[in-house]
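Here is what each chain is made of, one letter per residue.
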Amino acid sequence: QVQLVESGGGLVQAGGSLRLSCAASGRTFSASAMGWFRQAPGKEREFLAAMKWNTDTTYYGDSAKGRFTISRDNAKNTLYLQMNSLKAEDTAVYYCGARAGAIPYYNPLRSREAYDYWGQGTQVTVSS
């Protein structure tokens, strides 16, 4: 089982920045991927960014490109999401997901169904 612990959320003014962290632990972690999603009240969980753990390959959703950057620290088994130029529309609960198994050839990482484990989420509130 994989355990995920998120941190870094909070209140920030529009135009500001935040860095979210997701620390992962567990027996099954190699050959996996991790990703960031967010969900605002009444809306679907939205894909933001994902990373294949072994290859450093990254993927971004449309709302994240140009503003958000996903990265990792292998020694700490920690995933990061650097968020810049934040807008009020970015207000949501941000979730970290982890995929335990191998990644299929069709690369499903943009879908929430591809992830086996989730953190509890961290609230990001952007004030205008």
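Data block above holds the structure.
Residues numbered from 1 in each chain as written. Predicted model: local features only at pLDDT ≥ 70, side-chain atom pairs only at ≥ 80, totals over all residues. Heavy atoms only, no water.

### Considering the overall build of the protein
In step 1: In terms of regular secondary structure, the protein is built from zero helices and 11 strands.
In step 2: Counting from the amino terminus, the protein carries its helices and strands in the arrangement β-β-β-β-β-β-β-β-β-β-β.
In step 3: A compact globule built from 128 residues should have a C-alpha radius of gyration of about 14 Å, and the protein, at 14 Å, falls within 12% of that.
In step 4: When the backbone C-alpha atoms are referred to their principal axes, the protein occupies close to 40 × 30 × 25 Å.
In step 5: Here the protein holds 128 residues, and 44% of them are scored as buried.
In step 6: Sequence-distant contacts, at least 24 apart, represent 57% of the contacts inside the protein between residues at least 6 apart.
In step 7: Taking the 14 positively charged and 10 negatively charged side chains of the protein as two groups, their mean positions are separated by 3 Å. (Helix = DSSP H or I, 4+ residues; strand = E, 2+ residues; numbered from the N terminus. Rg over C-alpha atoms; globule rule 2.2 N^0.38 Å. Buried < 20%, exposed > 50% of the residue type's maximum accessible area, 1.4 Å probe, protein only. Contact = heavy atoms within 4.5 Å. Lys, Arg positive; Asp, Glu negative; His and termini not counted. Charge placed at Lys NZ, Arg CZ, Asp CG, Glu CD.)

### A few points about the nonpolar core
In step 1: Ranked by size, the top nonpolar core spans 28 residues in total, and within it Met34, Trp36, Leu79, Leu81, Met83 and Tyr94 carry the most contacts.
In step 2: Those elements that place two or more of their residues in this core are strand E1 (2-7), strand E3 (18-26), strand E4 (33-39), strand E5 (46-52), strand E7 (68-73), strand E8 (78-83), strand E9 (92-99) and strand E11 (122-127).
In step 3: In contact with leucine 81, other than residues within four places in its own chain, are Leu18, Arg19, Leu20, Trp36, Leu48, Ala49, Phe68, Thr69, Ile70 and Tyr94.
In step 4: Residues Phe37, Phe47, Ala50 and Tyr115 belong to the second largest nonpolar core, which totals eight residues. (Core = buried A, V, L, I, M, F, W, Y, C linked by side-chain atoms within 4.5 Å.)

### A closer look at the packing of aromatic side chains
In step 1: This structure, assessed with the given rule, holds five aromatic pairs.
In step 2: Residues phenylalanine 37 and tryptophan 118 carry aromatic rings whose centres are separated by 5.3 Å and whose planes lie at 75° to one another, so their mutual orientation is edge-to-face. Note that phenylalanine 37 is positioned in strand E4 and tryptophan 118 in strand E10 (residues 117-118), a separation of 81 residues in sequence.
In step 3: Residue classification places tryptophan 118 among the partly exposed residues on the basis of a relative accessible area of 26%.
In step 4: Taking 5.5 Å as the distance between ring centres and 90° as the angle between the ring planes, the aromatic pair formed by tyrosine 105 and tyrosine 106 counts as edge-to-face. (Phe/Tyr/Trp six-rings, centres within 6.5 Å; stacked < 30°, edge-to-face > 60°.)

### Some words on the pairing of E7
In step 1: Looking at chain direction, E7 and E8 are connected through six bridges and run antiparallel. Counted as the bridge partner of isoleucine 70 is leucine 81 from E8.
In step 2: Between E7 and E8, which follow one another and run antiparallel, lie four residues, and asparagine 77 among them has a positive phi close to 50°. (Pairing = 2+ DSSP bridges.)

### Some remarks on the state of the cysteines
In step 1: Going through the model one piece at a time under the given rule, you end up with one disulfide.
In step 2: Here cysteine 22 connects covalently by a disulfide to cysteine 96, the sulfurs 2.1 Å from one another. Taking the sign of the S-S torsion, -80° for the link of cysteine 22 and cysteine 96, the bridge is left-handed. One end of the pair, cysteine 22, is in strand E3; the other, cysteine 96, is in strand E9, with 74 residues separating them in the sequence.
In step 3: The class for cysteine 22 is buried, based on a relative accessible area of 0%. (Disulfide = S-S within 2.5 Å.)

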